[in-house]
Each structure stands twice: as structure tokens, then as C-alpha cells.
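Geometric and topological summary
Chain by chain, the residues run as shown.
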Amino acid sequence: MSESPTIMHVEDEPDIREIAKMSLEMVGGFNVVQFSNGAEAVAQAAQHDPDLILLDVMMPGMDGEETFIELRKLDGFADKPIVFMTAKASQADNTKLLSLGAAEVIFKPFDPMALPDQLRAIMAR
Amino acid sequence: MFDLGFDIKLVAEHALLGFSMLVIFLAYYRGRQSLRLREKLLRGQQLELAFQEQALNEHALVTVTDTDGILQDVNQRFLDTFGYKREEVIGKPHRAFYTEHDAVKSDEIKEMTANGEIWSGITQLNHASGDVVFTQCTVVPMMDENGRHIKNISLRTDVTENRQSEVQRLMTAAFDNMHTAVCVYDPKTFHICYMNDYALTEQGWTSADLGQKTIWETDYSPNPDLLGPVTKDLMVSGRSTVVLKTPRNGREYEAQLFSISASGFSPRILVIMHDISDRVLAERKRQELVSVITHELRTPLTSIKGAVGLIGAGAVGPMSVKARSLIDIAEKNSERMLILIRDLLELERINQKGFEMEMAPVNVANLVDEAITAHRGYGLELDIEFVNAGTPQDLFVSGNADRLMQVLANLMSNAAKFSEAGSNVELGAWAEDGEVTLFVRDHGPGIPEESRETLFDRFTQTRNVGNKKVDSTGLGLSIVKSLVDRHHGTIDFATETGEGTTFMVHLPMMSPKDIEAMNAAAKVA
């Protein structure tokens, strides 16, 4: 049996981190690594070698877009699927994030029961 | 008897003859004298008349017309002033030389002078070049000894220059008193012809500097590369205005460019600067607020919905029946809050100034069919059937199909929510007087009297009539109205308690010619 995929989740809201962790671990059966800010995530991403990165957009300090750009510069991260999670729901925001090279944009509030399947489908592409 | 050697009788006869001849001679002499005097007087009067005529011709533009207003004579000054040749004028109706604006005055003059009244006023006549000449005019009717109107003599003075300089002085004073920059330039050379006091102060110039300055030397254009093409476009396309956004001195300006033309003058471009900083700031604040609503409300909602969702799905263990009921309440209400945020944002978005929709000809029959198909499932959930009650083929409106579908979807969901299970909701359209009316009719309880006036206002919750409790954010109809407004349409309703309600959306109908033009424009774009 193959090892469970690892999801790296970057989110500044502790409650949302908690919900996402339960969703991804308990419902999805993934390994989950979480960071509360972009800088920490970029610094430690390489050692966790995640299969997919779930990235909040609006964060204090290094925001989601900057974190995205920095992650892409890391060795082996050029093609990793990065999924943005955002509370902004406009079409313009969505288009902008996808044009950066994101695999998908998931809008908050997300469905914790459906999130694991959404990520699994993205990884299978 | 004496004989005196002459006949006394003969002498007397001769004396009488002589006297008679003297009398005749004297009478003749007096007559001649009188005639000479009269001739002298007449010559004097003739000279006087010729002198007056010369003076009149030097000063006035004189025309003589018959009672039908046909020109019979004009003086040279008239011909010189208006640039016509005598043969182009004589025999023509005077009315033909009036401007379109003043043609009615010609009729007024004809009517007054026919009654023997003198007409006086300002008239506008066309110069041969097409320019307008303003004249101060007096028309005197000439009557015969029986009081019959036989002709009119019109005396005119050219007052064009006075009028123009008066208007010019007024305009200049108005512009100079404006607290915004106003500037006029030549579209060919870009030289500045005029700048109001405000603009001169801003540029640190005086009016004496203007002859040599070009518009390029000001900062009244966002960038020099744009000004040339914009000016050309204004002149070629004949469009009257172009608005450019120009940041200056740390503030936001809108430069409004007008193509101005006046007969006898080369075209010019008028630039008026509008300080829109406050408007831009207000819009930015509004967008920030929208962003805060989006982010700050959605973020806690994400946690609430997430937590409730995980518990509700049994991901953290089994629940008692009571706990399940409470979780259902929490889930339903967090969903309701989410819809409220979505609707609020949607309403804000539609009503914001820059909101744009891609417009195209929309086939109304197709729109109705698609709406019915798309909402069939929703209808089944509530045991409501959506029915096409008749929509003529080939009716078109100019609109955004998705947004019009959103309008119908809102009206259909309202209608279904307020209908009794098992009933129909009818959709359709008709055309009348260049207008297409789309309608959605339910057989529900009708709109209560007290809610009718405020029905399209935000947060108007209505029609919880009878036993039906309807879930609604109170924003749906506001969104519908905003979208209909954006389509240059109107919305109204007819309702009867216990019978039902019909919502009607009225939109301008597109003719085949409109459709062709719109499709052609879309191809060019």
C-alpha cells in the first residue's frame, strides 16, 4: 500500500488550520504539515517535500501570492500543484490567481467533507 | 364839334389792349417766377432724397419685397454683406435667406405687415458661405391711397460682431471664474488659443505667453503619446467628448475633451479638467469595505461552517438526535449568512460605477425555454411546475444573456417559494410598442398591501402570508431591479390577494436593423 500523500497547508487563522487538519487527516487520510505564515512555509517546504500545497491568499507579512512565487523558486517545486484558498470570491481575483500558475482556486468557506476529494482529483491530473 | 386829330375811342381801345397785355405779361412773369421757385424746391428735395438714400445705403441693408415676401430689390450693401449676386436674390422668397432657426420670424413679419404694422427685431440670415449673420431689422409696410398693402421695405444693420463679442465676453468671464482649468487648443498645431485664469495660474503663465505655447507643454493630458491620437479621433469620428484619467499633483483628474466648431472658425478642442480625487477616494473606500465584508465575514464563517460540517457528517463521532437537530440549525443559518454576504456583494458589484456587461442580441423565446429547463429540478423539489405560457418567436432584446437569466432565476425562485405545492408558475413574453415584456406569474397569496411600495428596496422581506414561512435574504428583488436598470428596462408587478402575482420586466425591443448593427459592431470589436 502506497504511502499517504503529504499536504502542506499555509493559513494564518488557527481555527481554519484546525478544521482543515481534521478534514485532510480524518476524512482524507493525508499527512498534513501546517504553517501559519508564508516565510516559515518557504523556509521549511523543501524538507517536507509535499505532494500538494494548499495556500491561503490573504495573510499578514508574506501573502499567498508572494509565497507562491518564492515556493516556485525552490528545487523540485516548479511543477508541484499549488492550490489557493481564498475568501475573496470575485472572478477577477480567481483569474489573477490562476494566471500565476495555480492548479486551482478553492473559495472559503470550503466543505471539509469534500475538500480531500477535490485535492485528490487535482493530484491525479 | 372839335376835331382833335385822333379818335378818342380808338385811343381807349388801344389803351385797354395795352393794359390787358401788361396784365397778361405780369401774370406770365409771376407764373414763371413761381415755376422756377418750385423747380428749385423740387431739385432741393431731390438732392435731399438722394442724400438720404446714399446715407441709408451706406448704413443699412435694404430690401424691398412684395406682399408675398418675394424680393424685388436689394441694395448693394445687402449683396456685399451676404455675399450674393443680385440675380441670386431678386425674385426669390425672403424666407429662403432666413436661418432654419429664424424662418418662423419671416412668417411673423408677413402677417404683421399685411395688417399695416411695423415689425422690428433681431433676425438671423444665412451668408452665401453658410455663416449666420445677425441683423437688427425694421420692416415697414407700404400702403396705397386706399390703404392696401403693396410692398415692404426692410432696413437692417449687421450686429453679428456685437453679438459675438458680447457672448465671447460672457463666456470668457464665465470660464475665468471657474475653479478648474479650462483650455482651448488648435487640433492641427496643438497651439493653445485660450486658457482661463485658473489654468494660467496653475501653469505659471500669463495670457501673453499663450501664442507660442502648445498643449504638450501643460500637464493636461495623461501622456503625450495619447493626446495626438485622441485629438485625431475626436476630429475624425465626430465624437463630441473623450474623457481621460490624469493623475496630477498627487490628485486624480479627469480631462474632458470636447470637439468644438462654430461657423466661420476652424475647429478647436476644449479641455476641461475635473478634480475627481474625492470620488476616486470614495470608490476606493467602498471597495475596501466590500473587501472587508468578503474577507472578515467569510473567514469566521469558514470555521463555523467547517466545524459544523465535520460534526454533522459524523467525522468526529456519532451524535444524539438532539445534537443532530441543533447542528442542522447551525448549518442552515451559516448557509443563510453565506447567501446574505453573496447577495450583498453581488448588489454592490452591479451598482458600482464601472460595472460592465457584455451586451448582445438575446432571443427571448430561447431565454424563456432555457430558464424553464434550468430550473425544472428546483421546481420538482418544491413540487412546482414551470410552464411556458407563450413566447413569440424572433423577439430580441439587447442584453447580457447570463444576467437576464439571473433576473428570471430570481423571479422564478420567488414565485416557486410563494406558491402552493402542486401549482404552476408561468413564464412568457409579449411585444408591444417597441417593448418586450417578460413575465413570471405565480398563483400564490399575492403581495400584502403594506409591502408593495418598498418591494424592490433592500432587505424587504415580504409575503410571509398564510402558513408559508419563506426563507429569503430580502436582496433578491433589489438585485433583479438593479440588473433590469442596467438593461435600460423597468420592472413592475400586478398582484391580487389570494390570486397571485405577475412580475413584468419591460425591455426595449431590438429591430432586425438594430441586431444587424450590433452584430457588425461586435465583429469590428
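Here we summarise the structure given alongside this text. The structure displayed is predicted, hence computed values, not measured ones. (Residues numbered from 1 in each chain as written. Chains lettered and ligands numbered in written order. Predicted model: local features only at pLDDT ≥ 70, side-chain atom pairs only at ≥ 80, totals over all residues. Heavy atoms only, no water.)

**Quick look at the overall build of chain A**
Rules: Labels follow the DSSP assignment, with helices taken as runs of H or I lasting at least four residues and strands as runs of E lasting at least two, numbered in each case from the N terminus. Burial status follows relative accessibility: with a 1.4 Å probe on protein chains alone, a residue under 20% of its type maximum counts as buried, one over 50% as exposed, and anything between as partly exposed. For this analysis, residues touch if any pair of their heavy atoms sits within 4.5 Å. Surface exposure here means Shrake-Rupley accessible area, sampled with a 1.4 Å probe, where a residue is shielded only by the protein chains that are shown.
When helices and strands are tallied, chain A shows five helices and five strands. Considering chain A as a whole, with its 125 residues, one finds that 44% of them fall into the buried category. Within chain A, counting contacts between residues at least 6 apart in sequence, those at least 24 apart form 62% of the total. Split by element, the accessible area of chain A, about 5,800 Å² in all, is 49% carbon and sulfur.

**A few points about the overall build of chain B**
Assigned secondary structure in chain B consists of 14 helices and 17 strands. A separation threshold of at least 6 residues defines the contact pool for chain B, and within that pool the share at least 24 residues apart is 54%. A total accessible area of about 31,300 Å² is found for chain B, and carbon and sulfur atoms account for 56% of it.

**A short note on the interface of chain B and chain A**
As a reminder of what qualifies: Take the accessible area each of two parts loses on contact, using a 1.4 Å probe, and add the two losses: that sum is the buried area. Any carboxyl oxygen of Asp or Glu that lies within 4 Å of a side-chain nitrogen of Lys or Arg is treated as forming a salt bridge with it. Residues adjacent in sequence count toward polar contacts only when both atoms are side-chain atoms; beyond that, a polar contact is any pair of N or O atoms within 3.5 Å, and within protein one must be able to donate a hydrogen and the other to accept it. When residue character is reported, Ala, Val, Leu, Ile, Met, Phe, Trp, Tyr, Cys and Pro are called nonpolar, Asp, Glu, Lys and Arg charged, and the others, Gly included, polar.
Across the boundary between the two partners, chain B contributes 17 residues, which contact 17 residues of chain A. Buried surface at the junction of chain B and chain A, summed over both partners, amounts to about 1,500 Å²; 78% is from carbon and sulfur atoms. Joining chain B to chain A, the criterion identifies zero salt bridges. At the boundary of chain B and chain A, one finds two residue pairs in polar contact (both at pLDDT 80 or more). The element that contributes the greatest number of residues to the side of chain B that touches chain A is helix H8 (residues 277-312) of chain B, accounting for 13 residues. Here the residues of the side of chain B that touches chain A sort into seven nonpolar, eight polar and two charged.

**Describing the sheet that holds strand S17 (residues 500-508) of chain B**
Residues and elements named next belong to chain B. Which entries qualify depends on this criterion: Strand pairing requires that DSSP identify at least two bridges connecting the strands. To obtain each axis, a line is fitted to C-alpha atoms, and for helices this fit is confined to the stretch in contact; angles are then taken between N-to-C directions over 0 to 180 degrees.
Strand order in this open sheet of five strands is S12-S14-S15-S17-S16, and the pairing throughout is mixed. Single-partner strands in this sheet number two, and they are strand S12 (385-388) and strand S16 (490-496). Strand-to-strand twist across the sheet, computed as the mean angle between neighbouring axes with direction ignored, equals 20 degrees. Seen against the sheet, helix H12 (residues 401-417) touches S12, strand S14 (424-432), strand S15 (435-442), S16 and S17 and runs at an angle of roughly 25 degrees to S15.

**Description of helix H2 (residues 38-48) of chain A**
Residue and element names in this part refer to chain A. For clarity, the cut-off: The directions from the helix axis to the C-beta atoms are what the arc is built from.
The set of residues buried in H2 consists of Gly38, Ala41, Val42 and Ala45. Projected onto a plane normal to the axis of H2, the buried residues spread over an arc of 100 degrees and lie on a single side. Exposed and facing more than 90 degrees away from the buried side of H2 are Ala43 and Gln47. In this structure, the buried side of H2 is in contact with strand S1 (6-10), strand S2 (31-35) and helix H3 (64-72). The positive-phi residue at the C-terminal boundary of H2 is Asp49, with phi of around 40 degrees.

**Quick notes on the sheet that holds strand S3 (residues 119-126) of chain B**
Hydrogen bonds between backbone atoms are what pair the strands of a sheet, whose relative direction is either parallel or antiparallel. All names here are of chain B. Overall, antiparallel pairing links the five strands, which are arranged S2-S1-S5-S4-S3 in an open sheet. Two strands in the sheet have a free side with no partner beyond their single neighbour: strand S2 (71-74) and S3. Ignoring strand direction, the axes of neighbouring strands in this sheet form an average angle of 30 degrees. For strand S1 (residues 61-66) and strand S5 (residues 149-158), the ladder comprises six bridges, and the chain directions are antiparallel. By the bridge assignment, Val62 is partnered in S5 with Leu155. Of the strands in this sheet, S3, strand S4 (132-143) and S5 are in contact with helix H4 (residues 103-114), which crosses S3 at around 145 degrees. The strands touched by helix H5 (residues 160-176) within the sheet are S3, S4 and S5, with S4 carrying the most contacts at an inclination of about 135 degrees.

**Examining the packing of helix H9 (residues 321-351) of chain B against helix H13 (residues 476-486) of chain B**
Residues and elements named next belong to chain B. Stated precisely, the cut-off is as follows: Orientation labels follow simple angle bins: below 35 degrees gives roughly parallel, above 145 gives roughly antiparallel, 65 to 115 gives roughly perpendicular, and whatever is left gives oblique. Here is the rule for handedness: rotate from the far helix to the near one, and if that takes an anticlockwise turn smaller than a right angle the crossing is left-handed, while a clockwise turn gives right-handed.
Here H9 crosses H13 at 20 degrees, and the two axes come no closer than 10 Å. Between H9 and H13, the angle falls in the class roughly parallel. Handedness of the H9/H13 crossing: left-handed. For the pair formed by H9 and H13, the contact residues are Asp343, Glu346, Leu347, Ile350 and Asn351 on the first element and Ser478, Ile479, Ser482, Leu483 and Arg486 on the second. Its residues placed into classes, the contact of H9 with H13 shows four nonpolar, three polar and three charged.

**Observations concerning the environment of Asn333(B)**
Within the secondary structure layout, Asn333(B) lies in helix H9. As for Asn333(B) and Lys305(B), which are separated by 28 residues in sequence, their C-alpha atoms are 9.5 Å apart.

**Focus: the pattern of salt bridges**
On inspection of all chains with the given rule, the structure shows 22 salt bridges over all chains. The shortest N-O distance in the salt bridge between Glu426(B) and Arg441(B) comes to 3.1 Å. In this pair, Glu426(B) sits in strand S14 while Arg441(B) sits in strand S15, placing the two residues 15 residues apart along the sequence. Using a relative accessible area of 28% as the deciding quantity, one classes Arg441(B) as partly exposed. Linked through salt bridges whose partners overlap, the residues forming this network are Glu11(A), Asp56(A) and Lys108(A).

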